[in-house]
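Letter by letter, the chains look like this.
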Amino acid sequence: MNKYRNNRCMIKVQRDFALTDDKNNARLLSTMAIILILFFVAISNSPKSIFAETFAKFYSQANAQAANNRWDKASDLYQKAFKIADDSNRHDVEEKLQLCQLNLAVQNRYVDGSVADQIINLSDADAKLLLQQVNTAVEDRYYRDIDRKESYKSALKQMRIALKSDRVFALYNCDNKDLKELDDELSKLIETIDSSAVIAFENITAKLALLSGKTDKIGLGKCWPQGEFAYAVISSLDKYSYLLSPSQYAAMYQRFGGFYVGLGVELSFGEDWPVVYDVVPGSPAQKSGIKSGDSLIKANNIDLKNKNTSTISSILLGEEDSSIDVVVRRGQNELSFKVKRQLLSSPSVRNAKTITLDPVGSFQLTSNNNSKIAPKAGFLRISSFDRDTAIELRNVMEELSKQNIESLIIDLRNNGGGIMNSAIGASRLFLNDKIIVTVKEKKQSKKYRAGGDNFFYYQLPVVLLVNENTASAAEIFTAALKDNHRAIVIGNQTFGKAVVQSIYQFEKIDSAICITTASYLGPSGFGFDKKGIMPDILVKKPLYNIKTADFVTGLIDLENPVMQTALKYLQKKSILHASNL
């Protein structure tokens, strides 16, 4: 029946077309033309076309950043372009990305001048000892096997880039006499590695030692080949491994210890000028009037536009009680401050407060009382996982508990990580006899667990707030609570750094190494390196409010979309709980 009915319909349509007049024919042709136009527009906006357009945008922007020596931004853009490049473009983008990363490694190495100071003063004995300990660290402590030939070639390419750097020449006070001859020698050494089946570390360093006369004559110092190679070969392993000069090691030790000499500002780098993300309570910056959300324009008359993290840190940090002139932009106004650097103790657990979860009204901050009129949620932010974070977290939790909180929000947005053991210690405050993380070294694995029944832990409902800058130790904490169904995760997909770095101070030589020694898995066995952790509730970033992510006050405001989502979730949970009583 349906078959015949369809045939009749077709005949009727054909008959109707046959009986149309010229006017209707013209209308039909016009309609068909519009359909064809829409068809071609659809083709031009097909996924393939959109990918090509997006690729061209990333590639063009990356080239522009590279031309201005903005290797960090160029690297990010080349990586985005590489992910969507077709076969015809992939090789070219990969080569430019690798070159960009080599330049970035050299730029980061020479950002503060301390590496140049160390290398130029190296004795022959110290240079030899430095190379021996670098080689031992790679052999014994690096978390996976490496391609030695590629690592050595990468290091030598970095050395050639350093020889073309105006920054490097200024630090060493060099002239370019005999520079081409030195560059040619390094190029020949790369060719030697390429043509060799296997090449030993000792052979490379012995050949480099023969260049000491040339480097000394140029002004780089007689041990520059060995010293520079030691720094370069470590940075060739991965983007998280590097050598530290004595002053860099001291600064890192202070930072992880929660104290340093500076102004007391945390910066974000999403714009041309760094933005004050947060101001440490009681710091010189806060006392001077600098606020979260200010753009940092100048420091001691140095324009900070497009300066990288290390450069700005070297400018802001200094001797205790020394002063620095700072210019910030707040709205349309530029404000000047003279700030005295002080020794700061920077707590990693901050911004603690209680919030009422009124079932019929809006969310509000509560005063410090013991009222139980409406359920309350505690809120705190962990800025990083430092040596004392678990102790700080316990102390803040004790204060919040006095306010009769029934749930807790822990904000990990823009927490770049820190010390692995600190994240493990913090996780144990919320877990009972559960796996926290599995750490996989080159030759063994180890599971870290919560303490068991004899250890105190908090049992109230927990929400974790995360974003694309939640990384490393913060991801250990997130995975531990998420995989054990101990917390709901809200926000955006995390960064995806599931490798562990360890810091070792060398023996008999004033230097240290930060090297990747392990990878780790969450309790469920999921590996999120370069993938990130997907939240339970994904909150899209609102375009109209995108800049609030540049500073803390915008992130932790009760009207922030991620905060709103978390509060509504806990509000609904408290209503359901009350209805079951």
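What counts and what doesn't
- In this numbering scheme, every chain counts its residues from 1 along its sequence in written order.
- Reporting in this predicted model follows two pLDDT cut-offs: at least 70 for local features of residues, and 80 or more for side-chain atom pairs to be given and counted; totals over whole chains, interfaces and linings ignore these cut-offs and use all residues.
- Values shown for side chains rest on all heavy atoms present in the structure; no hydrogens or waters enter the calculation.
- Strands are runs of DSSP state E lasting at least 2 residues, helices are runs of H or I lasting at least 4, and numbering of each runs from the N terminus.
- Only protein chains enter the accessibility calculation, which uses a 1.4 Å probe; a residue is then buried when its area is under 20% of its type maximum, exposed when over 50%, and partly exposed in between.
- In protein, a polar contact means a hydrogen-donor-capable atom and an acceptor-capable atom, both N or O and within 3.5 Å, with residues adjacent in sequence counting only if both atoms are side-chain atoms; elsewhere, any N or O pair within 3.5 Å suffices.
- For this analysis, residues touch if any pair of their heavy atoms sits within 4.5 Å.
- Expected helix span is computed as 1.5 Å times (number of residues minus one).
- The working definition used for a salt bridge is a side-chain nitrogen of Lys or Arg within 4 Å of a carboxyl oxygen of Asp or Glu.
- The score called pLDDT rates the predictor's confidence residue by residue, from a low of 0 to a high of 100.
- Here the aromatic set is Phe, Tyr and Trp, taking the six-membered ring for Trp, and pairing holds for ring centres within 6.5 Å; pairs whose planes are under 30 degrees apart are stacked, those over 60 apart are edge-to-face, and all others are tilted.
- Fitting a line to C-alpha atoms yields each axis, with helices limited to the stretch in contact; the angle taken between N-to-C directions then spans 0 to 180 degrees.
- Throughout, the term roughly parallel applies to angles under 35 degrees, roughly antiparallel to angles over 145, roughly perpendicular to angles from 65 to 115, and oblique to all others.
- Each crossing gets its handedness from the near helix: less than a right angle anticlockwise from the far helix is left-handed, clockwise is right-handed.
- Ten residue types, Ala, Val, Leu, Ile, Met, Phe, Trp, Tyr, Cys and Pro, are classed as nonpolar, four, Asp, Glu, Lys and Arg, as charged, and the remainder, Gly among them, as polar.
- Throughout, nonpolar core names a set of buried Ala, Val, Leu, Ile, Met, Phe, Trp, Tyr and Cys residues whose side chains join them through atoms within 4.5 Å.

Focus: the side chain of Asn467
Stage number 1. Here Asn467 is to be found in the loop between strand 16 (462-466) and helix 19 (473-483).
Stage number 2. On the accessibility criterion, Asn467 (5% relative accessible area) is buried.
Stage number 3. Side-chain polar atoms of Asn467 contact the side chain of Asn414, separated by 2.8 Å.
Stage number 4. Side-chain polar atoms of Asn467 contact the backbone nitrogen of Asn469, separated by 3.0 Å.

Here we look at the side chain of Asn103
Stage number 1. For Asn103, the location among the structural elements is in helix 5 (residues 87-109).
Stage number 2. A distance of 2.9 Å separates the side chain of Asn103 from the backbone oxygen of Leu99, its partner in a polar contact.
Stage number 3. If near-sequence neighbours (up to four positions away) are discounted, Asn103 is found in contact with Trp71 and Ile161.

Topic: unusual backbone geometry
Stage number 1. One non-glycine residue, Asn69, lies in positive phi territory at about 60°.
Stage number 2. Classification of Asn69 by relative accessible area gives partly exposed; the value is 45%.
Stage number 3. Although it is not a glycine, Ser472 adopts a positive phi angle of roughly 55°.
Stage number 4. On the accessibility criterion, Ser472 (10% relative accessible area) is buried.

Some thoughts on helix 8 (residues 148-163)
Stage number 1. Along its 16 residues, helix 8 runs 23 Å from first to last C-alpha, staying within 8% of the 22 Å computed at 1.5 Å per residue.
Stage number 2. In terms of burial, helix 8 is a largely internal element, 12 of the 16 residues being buried.
Stage number 3. Residues of helix 8 that are buried include every one of Arg148, Ser151, Tyr152, Lys153, Ser154, Ala155, Leu156, Gln158, Met159, Ile161, Ala162 and Leu163, and no others.
Stage number 4. Buried-residue contacts for helix 8 involve helix 5, helix 7 (124-141), helix 9 (166-172), helix 10 (179-195), helix 11 (201-209) and helix 13 (224-235).

Notes on the pattern of salt bridges
Stage number 1. Tallied over the entire structure, the rule returns 22 salt bridges.
Stage number 2. Between Glu139 and Arg148 there is a salt bridge; the shortest N-O distance is 2.6 Å.
Stage number 3. On the basis of relative accessibility, which here comes to 43%, the residue Glu139 falls in the partly exposed class.
Stage number 4. Among the ionic pairs, Asp184 bridges to Lys180, the shortest N-O distance being 3.1 Å. One end of the pair, Asp184, and the other, Lys180, are both in helix 10, four residues apart, so they sit about a helical turn from each other.
Stage number 5. You can call Asp184 partly exposed: its relative accessible area is 30%.

Considering the confidence of the model for the chain
Stage number 1. Per-residue pLDDT for the chain averages 85, and the proportion of residues at 70 or more is 84%.
Stage number 2. Note on residues 1-20: pLDDT is under 50 here. Beyond four places in sequence and across chains, it has two contacts.
Stage number 3. Low pLDDT (under 50) marks residues 543-549, which in the prediction has nine contacts with non-local residues, meaning those over four places away or in another chain.

Focus on the packing of aromatic side chains
Stage number 1. Using the criterion set out here, one finds 12 aromatic pairs in the structure.
Stage number 2. Every member of this aromatic cluster is reached through a ring pair, and the members are Phe385, Phe430, Tyr458 and Phe477.

A word on the packing of helix 7 against helix 13
Stage number 1. Viewed as axis vectors pointing N to C, helix 7 and helix 13 meet at an angle of 15°, and their least axial separation amounts to 9 Å. Classified by the angle their axes make, helix 7 and helix 13 are roughly parallel. Read as a crossing pair, helix 7 and helix 13 show a hand that is left-handed. Two secondary-structure elements touch here, helix 7 through Ala127, Leu130, Leu131, Val134 and Val138 and helix 13 through Gln226, Gly227, Phe229, Ala230, Val233 and Ile234.
Stage number 2. Of the residues assigned to the contact of helix 7 with helix 13, the class counts are nine nonpolar, two polar and no charged.

Notes on the nonpolar core
Stage number 1. One finds Tyr110, Leu156, Tyr172, Leu208, Trp224, Phe229 and Leu243 to be the most contacted residues of the largest nonpolar core, which totals 55 residues.
Stage number 2. Residues in contact with Trp224, not counting those within four places in the same chain, are Tyr110, Ile119, Met159, Ala162, Leu163, Tyr172, Thr215 and Phe229.
Stage number 3. Counting residues in hydrophobic clusters, the runner-up holds 44 residues, among them Ala423, Leu429, Val439 and Ile476.

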